[in-house]
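# What the coordinates show
Chain by chain, the residues:
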Amino acid sequence: MKLDRLGDFQRTHRNGDLRLDHAGQTVRLLGWCRRVRNLGSLVFLDLRDRWGLVQLVANEETADPELLAKLKAVRSEFVLAAEGVVAERESKNPNMATGDIEIRLTGLKILNTAAPLPFPLEDEGVGEDLRLTYRFLDLRREQLQRNMVLRSEASNLIRNYFRKNDFVEFETPILGKSTPEGARDYLVPSRVHAGEFFALPQSPQLYKQMLQVSGFERYVQICRCFRDEDLRADRQPEFTQVDVEMSFVRQEDIQALIEGLMVELCPLVDQQAVAPFPRLTYKDAMEWYGSDKPDLRCKIKIQDVTSLFAGSEFNLFRAAADSQGQRRVRGLFLPGEAAGAYSRKQLDELQETAKKLGAGGLPYAKWGKDGLASSFKKFISAELEAELKTTLGIHGEGLAIFAVGTDDQTSRVLGDLRLRLARTFGLTDTSAFEFLWVVDFPLLQWDEDEQRFVACHHPFTSPHPDDLGLLESNPGACRAVAYDLVLNGYELGGGSIRIHDAETQSLMFRTIGIGEAEARAKFGYLLDALSFGAPPHGGLALGLDRLVMLLAGEDNIREVIAFPKTAQARCLMTDAPSPVDERQLRELHLVQDAKQTYRVGAVFFESAEGGVDAAKRGELRGQALQQISQMTPKQTQGLVTLDAQGQILDAQTLSGPTFEF
Ligand code: ASP
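Residues numbered from 1 in each chain as written. Predicted model: local features only at pLDDT ≥ 70, side-chain atom pairs only at ≥ 80, totals over all residues. Heavy atoms only, no water.

Our working rule: UniProt positions are given in the numbering used here, feature names are shortened, and annotations may be inferred rather than shown by experiment.
The name given to the protein in an unreviewed UniProt entry is Aspartate--tRNA ligase, and the organism recorded there is Geothrix oryzae. Per UniProt, the comment on the protein under Catalytic activity (unreviewed entry) is "tRNA(Asp) + L-aspartate + ATP = L-aspartyl-tRNA(Asp) + AMP + diphosphate".

Spelled out as structure tokens, the structure:
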């Protein structure tokens, strides 16, 4: 098809902006054909641009035949320039912003054709792999267009917010040295320094601390971070952080700053954040919600019922009561008729889930139409029932579930089932935005594999001032001045007040098994910096992808990233990662550099008349080779370099006759 040229055609309006007020005006529009429909004597075409959709129409009987022919040649996703007059529609479409009007076509240019798409853009059920392979088409879909624009809006607002608050924006290196954030590094081999590697930043943690030592006091960066981890729905190998660091601050100051940002961000999606956000210690979060990122949209809390079973005949629970806190019985109550009527089969399924989470079973008690039913009913006296009701806050019908074991075990089971069942029974207010700060995280945790303590946040986090003494005596009990911002059950970000003196930093390194020599080799510059007047400082980083995901109401960060990787850490559109040729690997010193340079030359000698016998021939060849190997490079006629496979990499003739290599 012969294409029309754009020439100096310019749009007069954005498609989505046209309203009844424009009736009678001649307009020029640009965009993609969403679809064409031939209805009797009328041909309709929906034209889409970034700002919306508008209906174009031509009447077979009155339109110019050339225009009509062109219009009929148009297929979905053709790129068009259209001219026409805005007119009130006869049958209006209330579901469309421009549904009151249509454009009576007077001119049409076909700027480009489009092959049939691999999937219809309106289809909600297209497999993600196909969508990601053709991401450039997928991104034409309204929902993704909306998400990308929202992301851009959010980033701009964030930049302005920090600027307004006197922050300086920095760019820190992508090629850097490994910083331990607890994940695996992406490494970049150095061509210039054989055998040495840069690490892509897991975060700019130490750079931003250095900038505090340099006296900038307020640092911000919207930066890309890289972590080579097994992926989950809300993780990507590269992701974006809003990274913040400040000098002379307490955690409350950082929290207040970030709360202010959330208050400004929420109206982007007609939500509201009310500061200050609630604070919950890590210990309480685990105790009441079984999670360090509790979803407060569901109000149900886990309760400890261990003591109710002291002296009980129910051995499983009594044993926990006798264990002096080693094991506990914890439970939670889901109110409502539906929960009270949960069937045997449903409870069996729930039990399977609980087992997958590490529980032995799932003791339950439910109050339904027929009163109490329970997996341990014969042990529930009227008195115990009354006590359970008081402790678990049981009113009316509903379902109580229990877990017995160590705190970790019972938190894992009940934390997960709390969310699952709250969703099932509609006990989560999905329209709400519930922010909170989780504070007082433990500083360290014991790593069974490595048989040493590791930092829960990172090793630059300050111990809680009240627990400093514990760092040497009982490191596992030491709290950190570390805080996470949580929204609707997602960790939006986290940070800490940092260690700002070299002595405490060295002690911290020692505690996590990094000796003095290793500390110097890896973090010498940090220890130096801390000894040259480092101010007290702290900060945090927010996950921008996750934040935008929640603002957009999505449940997968890939929906708010233009070109995300799959869960297998692959880009299906560009097919990265991909193999590279051996030469590149060799340059980067990643394959054994087996090239060898040989001297080459020719030695002429006369053979005896009548030929030489095999033994003599061998001897002559030996002499010739010996001569060549004894020559200096100048005397040989050439040098040739071969790789390990015998391929010629380089060849040069030095003197004498020319060699064809
Ligand atoms: N660098 C930390 C992280 O990426 C955030 C911080 O402590 O500021 O989690």
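What follows picks up the thread again.
## Focus: the pattern of salt bridges
For the record, the criterion: Salt bridges are defined as contacts in which a side-chain nitrogen from Lys or Arg sits within 4 Å of a carboxyl oxygen from Asp or Glu. Relative accessible area decides the class of each residue, using a 1.4 Å probe on protein chains only: under 20% of the type maximum gives buried, over 50% gives exposed, and in between gives partly exposed. Comment: elements are numbered from the N terminus, with helices defined as DSSP H or I runs of at least four residues and strands as E runs of at least two.
In total, this model carries 47 salt bridges according to the counting rule given. With a shortest N-O distance of 3.0 Å, Asp138 and Arg131 are connected by a salt bridge. Arg131 shares its class with Asp138; the two are buried. A salt bridge links Glu259 to Arg279; the shortest N-O distance between them is 2.9 Å. Within this pair, whereas Glu259 is found in helix H6 (residues 251–265), its partner Arg279 is found in strand S11 (residues 279–281), the two being separated by 20 residues in sequence. A relative accessible area of 36% means that Arg279 is categorised as partly exposed.

## Focus: the site of the ligand
Rules: If even one non-hydrogen atom of a residue comes within 4 Å of a molecule or strand, that residue is called near it. Polar contacts here mean pairs of N or O atoms no more than 3.5 Å apart (in protein, one a potential hydrogen donor and the other a potential acceptor; neighbouring residues in sequence count only if both atoms are side-chain atoms). All accessible-area figures derive from a Shrake-Rupley calculation using a 1.4 Å probe, and residue coverage is judged against the displayed protein chains alone. Any residue that is not Ala, Val, Leu, Ile, Met, Phe, Trp, Tyr, Cys, Pro, Asp, Glu, Lys or Arg is counted as polar, Gly included; the first ten are nonpolar and the last four charged.
As a matter of local geometry, the ligand sits amid 14 residues, with Gln205, Lys208, Gln241, His457 and Arg498 nearest to it. Taking Ser203, its side chain carries an N or O atom lying 3.1 Å from a nitrogen atom of the ligand. Within the contact set of the ligand, an oxygen atom lies 3.0 Å away from a side-chain nitrogen or oxygen of Arg227. Coverage of the ligand by the protein chains reaches 93% of its 270 Å² of free accessible surface. Elements with a minimum of two residues in the shell around the ligand: helix H5 (205–213), strand S21 (490–497) and strand S22 (537–543). With three residues, the top contributor of residues to the shell around the ligand is S22. Residue composition of the shell around the ligand, grouped by class: two nonpolar, eight polar and four charged.

## A few points about the nonpolar core
Let me state the cut-off plainly: Put simply, buried Ala, Val, Leu, Ile, Met, Phe, Trp, Tyr and Cys residues joined by side-chain atoms within 4.5 Å make one nonpolar core. Residues are treated as being in contact if the distance between any of their heavy atoms lies within 4.5 Å.
Counting residues in each nonpolar core, the largest one holds 42 residues, and the members touching the most others are Phe162, Ile258, Met262 and Phe435. When residues of this core are traced back to their parent elements, those giving at least two are helix H4 (142–164), strand S10 (238–247), H6, strand S17 (435–439), strand S20 (482–487), S21, S22 and helix H16 (544–552). The residues touching Met262, leaving out its near neighbours within four places in the chain, are Ala273, Phe277, Phe435, Leu485, Leu492, Leu542 and Leu547. In this structure, Cys478, Ala482, Phe523 and Leu530 belong to the second largest nonpolar core, which totals 32 residues.

## Considerations on the packing of H4 against H16
The criterion, for reference: Simply put, an axis is a line fit to the C-alpha atoms, just over the touching stretch for a helix, and the angle between two N-to-C directions goes from 0 to 180 degrees. For classification purposes, angles smaller than 35 degrees are called roughly parallel, those larger than 145 roughly antiparallel, those between 65 and 115 roughly perpendicular, and all remaining angles oblique. Left-handed describes a crossing whose near helix is turned anticlockwise from the far helix by less than a right angle; the clockwise case is right-handed.
Taken N-terminus to C-terminus, the directions of H4 and H16 make an angle of 120°; their axes are 10 Å apart at the nearest point. Considered as vectors, H4 and H16 are oriented oblique to each other. As for how H4 packs across H16, the hand of that crossing is right-handed. In this structure, H4 contributes Asn147, Leu150, Arg151, Ala154, Ser155 and Ile158 to the contact, and H16 contributes Leu544, Asp545, Leu547, Val548, Leu551 and Ala552.

## So, the pairing of S21
The cut-off we apply is this: A pair of strands is considered paired only if DSSP assigns at least 2 bridges between the two.
Taking burial as the measure, the eight residues of S21 include six buried ones, the bulk of the element. Strand direction decides the pairing type here: S20 and S21, joined by six bridges, are antiparallel. What sits directly across from Val486, in S21, is Glu491. Here S20 folds back onto S21 in antiparallel fashion, the turn holding two residues, of which Asn488 has a positive phi close to 50°. Bridge analysis of S21 against S22 gives five bridges, and the strand direction is antiparallel. Across the sheet, the residue bridging to Gly493 is Leu542, located in S22.

## Focus on the UniProt feature "binding site: L-aspartate" (unreviewed entry) in the protein
Within the UniProt annotation, "binding site: L-aspartate" (unreviewed entry) is assigned to Glu181, Arg227, His457 and Arg498. Mapped onto the secondary structure, His457 falls in the loop between strand S19 (452–455) and helix H13 (470–473). Its place among the elements puts Arg498 in the loop between S21 and helix H14 (502–511). Engagement of the side chain of Arg498 in a polar contact is seen with the side chain of Ser496, the distance being 2.7 Å.

## Quick word on the environment of Pro116
Along the chain, Pro116 turns up in the loop between strand S5 (101–112) and helix H2 (128–133). Given a relative accessible area of 79%, Pro116 falls into the exposed group. For the pair Pro116 and Glu60, spaced 56 residues apart in the sequence, the C-alpha separation amounts to 26 Å.

## What to know about the packing of H14 against helix H15 (residues 516–530)
At their nearest, the axes of H14 and H15 sit 9 Å apart, and the two run at 155° to each other. By the angle between their directions, the pair H14 and H15 is classed as roughly antiparallel. You can see that H14 and H15 cross each other, and the crossing is right-handed. For the pair formed by H14 and H15, the contact residues are Ala502, Gln505, Ser506 and Phe509 on the first element and Ala519, Phe523, Leu526, Leu527 and Leu530 on the second. Considering only residue class, the contact of H14 with H15 consists of seven nonpolar, two polar and no charged.

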